[in-house]
Amino acid sequence: MKRPHTFYLILLITNSLFAQIAPAVAKYDLAKKRLLIQSCSTYLFNANQGAIDVDSAVVVACKAYKLPVSLSYTEGFNDGTKLIGSEFIDKGNITSVLKLLAKSKGEDQIKLLLQLGSFYLFKPGTKPQDLQNAKLYIDKAVLASNQSKIKKWQHQSLLLLGKYYYQANNPAEGKKIFLQVIDECRKQNDKLGLAEALDAYGTLLFNLDPEKEKILQEAVSLYASLGLEEKRIENYTKITTIYFWTNKVNEAKKRLYQNLADLRKIGFTHEQFAETTIAYIEMAMHNIPNALYYALKSVKRMDAEKDYTFGDIFYMRLGDVYNHYGHHEEALELYKKSIEIGQHTIDTGTWYKSFYSAVAALSLKGKTKEAIVYINSMTEKHPPKSTFDKMSVAYVKANSYDEIKDFVKAEKYFKETAYYAQQLNGPETFREVVHEYIIIALFYIKINKPQEAKFYSDKAAALLKNNDKYDSHALQLLRYKTDSINGDFKGALERFKDYKKIMDSVHGVDKNKQIDELKIQYETANKEQKIKLLNDQDKLQKSELRKSKLLNSVSIWSLVLLLVVIALLFNRYRLKQRNHAKLEIKEKEINQKNINLKHLLDEKEWLLKEIHHRVKNNLQTVISLLNSQSAYLENDMALSAIKNSQHRIHSMSLIHQKLYNSENISTINMPNYIKELVEYLRDSFSLGQRIRFEVKIDPLELDVAHAVPLGLILNEAITNSIKYAFPEDRTGMIYITLETKAENQYILTISDNGIGFDLNLSNKKANSFGMSLIKGLTDDLDGKLTMENNNGTILKIEFSQEFPLNQKRKVI
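Residues numbered from 1 in each chain as written. Predicted model: local features only at pLDDT ≥ 70, side-chain atom pairs only at ≥ 80, totals over all residues. Heavy atoms only, no water.

A. Quick peek at the overall build of the chain. Scanning the chain from terminus to terminus reveals 33 helices and seven strands. In the chain, 66% of the contacts between residues at least 6 apart in sequence involve partners at least 24 apart. Carbon and sulfur atoms make up 54% of the accessible area of the chain, which totals about 41,700 Å². (Helix = DSSP H or I, 4+ residues; strand = E, 2+ residues; numbered from the N terminus. Contact = heavy atoms within 4.5 Å. Areas by Shrake-Rupley, 256 points an atom, 1.4 Å probe, with all protein chains shown as cover.)

B. Summary view of the packing of helix α10 (residues 191-204) against helix α11 (residues 210-226). Two elements in contact, α10 and α11, have axes whose closest approach is 8 Å; the angle formed by their N-to-C orientations is 150 degrees. Here α11 runs roughly antiparallel to α10, going by the angle between their axes. Taken as a pair, α10 and α11 cross one another with a handedness that is left-handed. Across the interface between the two elements, K191, L192, L194, A195, E196, L198, D199, Y201, G202 and T203 from α10 touch K212, I215, L216, E218, A219, L222, Y223, S225 and L226 from α11. (Axes fitted to C-alpha atoms, helices over the stretch in contact; angles between N-to-C directions. Parallel < 35°, antiparallel > 145°, perpendicular 65-115°, else oblique. Left-handed = near helix turned anticlockwise from the far one by under 90°.)

C. Representation of the pairing of strand β5 (residues 745-752) within the structure. Most of β5 is tucked away, with seven of its eight residues classed as buried. In sequence, strand β4 (residues 732-742) turns back onto β5 through a hairpin of two residues, with N744 there showing a positive phi of about 65 degrees. Bridge analysis of β5 against strand β7 (residues 793-800) gives seven bridges, and the strand direction is antiparallel. Across the sheet, residue I750 finds its bridge partner in β7, namely L795. (Buried < 20%, exposed > 50% of the residue type's maximum accessible area, 1.4 Å probe, protein only. Pairing = 2+ DSSP bridges.)

D. Just helix α20 (residues 387-403), in detail. The terminal C-alpha atoms of α20, which comprises 17 residues, lie 24 Å apart, in line with the 24 Å expected from a rise of 1.5 Å per residue. Among the 17 residues that make up α20, 13 are buried, leaving the element largely enclosed by the rest of the structure. Count one or two residues on from α20 and you reach K405, which has phi positive near 65 degrees. (Expected span 1.5 Å × (residues − 1).)

E. Representation of the pattern of salt bridges within the structure. Scanning the entire structure with this criterion turns up 25 salt bridges. Of the charged contacts in the structure, one is a salt bridge between K254 and D729, with a shortest N-O distance of 3.3 Å. Of this pair, K254 sits in helix α13 (residues 249-265) while D729 is found in the loop between α31 (704-725) and β4, placing the two residues 475 residues apart along the sequence. When its relative accessible area of 47% is taken as the criterion, K254 is described as partly exposed. According to the relative accessible area criterion, D729 is partly exposed, its value standing at 44%. Taking the shortest distance from any N to any O, the salt bridge between E411 and K449 comes out at 3.2 Å. Residue E411 is located in helix α21 (residues 407-421), and its partner K449 is located in the loop between α22 (430-446) and α23 (450-464); the two are separated by 38 residues in the primary sequence. We classify E411 as buried; its relative accessible area is 14%. (Salt bridge = Lys/Arg side-chain N within 4 Å of Asp/Glu carboxyl O.)

F. Examining the environment of W153 more closely. Examined against the element boundaries, W153 turns out to sit in helix α8 (residues 151-167). You can call W153 buried: its relative accessible area is 3%. The residues contacting W153, other than those within four sequence positions of it, are F77, E107, I110, K111, L114 and S145.

G. Expanded view of the nonpolar core. Membership of the largest hydrophobic core comes to 109 residues, with the highest contact counts inside it found for Y65, F273, F310, L318, V321, F355 and I438. Element by element, the count of residues in this core is highest for α22, at 12 residues. If we ignore the near neighbours within four places in the chain, the residues touching L318 are L292, A295, L296, V299 and L334. Membership of the second largest hydrophobic core comes to 48 residues, among which are L83, Y164, Y166 and L194. (Core = buried A, V, L, I, M, F, W, Y, C linked by side-chain atoms within 4.5 Å.)

H. Expanded view of the confidence of the model for the chain. Mean pLDDT over the chain: 77, with 78% of residues reaching 70 or higher. Scored below 50 in pLDDT, residues 514-530 makes 23 contacts in the model with residues more than four places away or belonging to other chains. In the model, residues 762-767 has pLDDT below 50 throughout and makes four contacts with residues more than four positions away in sequence or in other chains. (pLDDT = per-residue confidence, 0-100.)

I. Looking closely at a nonpolar patch on the surface. A surface patch of nonpolar side chains, about 530 Å² in accessible area, is lined by I556, W557, V560, V564 and L568. For V560, a relative accessible area of 37% corresponds to the partly exposed category. (Patch = residues over 30% accessible without salt bridge, like charges linked within 9 Å, V, L, I, M, F, W, Y side chains within 5 Å.)

J. Geometry of the packing of aromatic side chains. All chains considered together, the criterion is met by 19 aromatic pairs. For the ring pair F414 and F443, a centre distance of 4.8 Å and an interplane angle of 45 degrees mean the geometry is tilted. Note that F414 is positioned in helix α21 and F443 in helix α22, a separation of 29 residues in sequence. Comparing F414 with F443, the two get one shared label, buried. These aromatic residues form a ring-pair network of at least three members: F407, F414, Y437, F443, Y444, F455 and Y456. (Phe/Tyr/Trp six-rings, centres within 6.5 Å; stacked < 30°, edge-to-face > 60°.)

K. Inspection of the sheet that holds strand β6 (residues 784-789) at higher detail. One open sheet accounts for five strands, arranged β2-β4-β5-β7-β6; its pairing is mixed. Each having just a single partner strand, β2 (691-697) and β6 make up the two edges of the open sheet. Geometrically, the sheet is characterised by an average inter-axis angle of 10 degrees between neighbouring strands, direction not taken into account. Along the sheet, helix α30 (residues 670-684) makes contact with β2 and β4, crossing β2 at roughly 170 degrees.

L. Up close: the side chain of K231. Checked against the element boundaries, K231 lands in helix α12 (residues 229-245). Residues contacting K231, with those up to four places away along its chain left out, are E75, D199 and Y223.

As structure tokens, then:
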């Protein structure tokens, strides 16, 4: 199971260096200290993408937080009381342990044997002699526990033996032993023993093994029933890791958010490992504002905990986000910080990634030649050690030479990249290997070498056969160019659309650069600056309101003046009607005045449109303020309330937007309005194809007094269906109809094929804000509201329009 790497050797830093690090872990009990080791070592193993083995990651985590390495493997037989021989084990003084073993008997002897077996089994790296020693002491522990006839020690010894077989590359024998312990614990109804056995077995299985998630989930349920919350969270995190490496990124992200909530509940404040992982995922999904928020939060968490143990990791992630934002100078400074910390504190391998990210930042700043000099000087001092780092260095060199159009050197380093890429075949490096094959293929297309391009394109395609969820702008660009070369122009067009869609989602950040800069200020400025910003926004709104009132006053007085002018003209016309010649002259004057009147009426209509435009802008400002406020909140209910308010305000804003954009400023075209509202809600909840909508709206127009309540009712009903009708990520349909029942009589129906609602709802829930809002809005319409269960929830509202409008007006 272990992989031999020299990397772990550089992780053994001197004791004086560790003495400089003072992580705030003294407040934690034994269970939380173990959770800290697991959280930290799991992150290090995954972040280094297989460049270090699991045991080396544990050693780094323990040394960083000045915790005994034995804490990570003595859980089954160390309850926090004094454990015989542990002080010698922690110092590696095996001679003293053996002397103690010769004098010990009973349970003390078993505990010493288990500690010795674990000490040799979980040493970093792979040495045959360590495995032999581990087997020697584990076999003695099994024998002694069988002689004692105590089930706890029999099971602990067998679990350690099962782990040995997995380390010794004999998983079949290890599986037999684990299943034996699991079966015995089930028969004895030993929940704790069963949870520990499932935990140990599931942890050792590969992430791609379909049994792993099922086994760990059972362990999660057992730990929850036993009230062992730290162990439940630890195993929950292991399942999240499975989702991450099997490309179920959305599920992994949801679980990471839940993980943060769980950690807060138990008072575990070292949340930065989860936060920086969320930042990575959000950045990969092009959700840069969220990525920035959590990257900044992980750095602030370091400051709050005064725990700079792994500062290189968190500075690197924040630098990556700034790089995506286009703030390359700031990103470069953060990368330099990461490199400095990594070189002079604990070498986790992250600082080397910061090095080639710094190269990318220099290149994006247009300093490619300077970047090449930096690469060569850095690799001369610090040559890459792992295969992954060698591949990455070759890749950034190739891209740099490609940027300055030195295609000969670029091709040389792209070939070197491919040489190292073919040596990496684990799920941890899948994304990078596929991406680099794609970029190499695109390079060969650019320099007109189609055979080489096809060779690397086929390599990427072969890897993607077993992972059809992978997508990137580079992949779609390669498919577009390949189809074009092959003459498949229809396919090329579709690929190009996919490519543009992804690129638009990425460069949408650049289009909103001012908003991005505001978010950066928002996350980094002090409270006084934030208050000043809000006050300035308030003043701006008041100024806009005053202008709006002034425009209204001007419109009214213009109409009064117009009436006066018309009266005078009419009087003049009557006085001169007996004179035919003068009448003709006056008729021309009236025609001219009518033209002026038309101009004034047009101005009035323009002013009304401007009012609608400003109302729409003010509503959007309110939405932005709510969005800004939500960044301060960690309470899920408060965040949900703000999100619901944003949806309601948007439904009203959309009406004013349509009135502003329409030739007809008195009515709303309901088919277009409702379809846009549905699309907005679909995008807000990121539903994809999980929940689909069927919308059937009669071609009718309603005035604002009817359209606003209907929009708010639709918002509430659709939101409720999305949230509650399809639990556990079920798929389903939501149906929306608005039809004419009789002359001036209409019926709005919102239904779904979800789980329906409970007819026995308590008064409290039945009178929830959303339901009260729907009832109140129905009363405003003088309508009739009905709800029923019929293969889902059906909500109907019948209402009438007191003053019907022409239904054939121009469509908005």
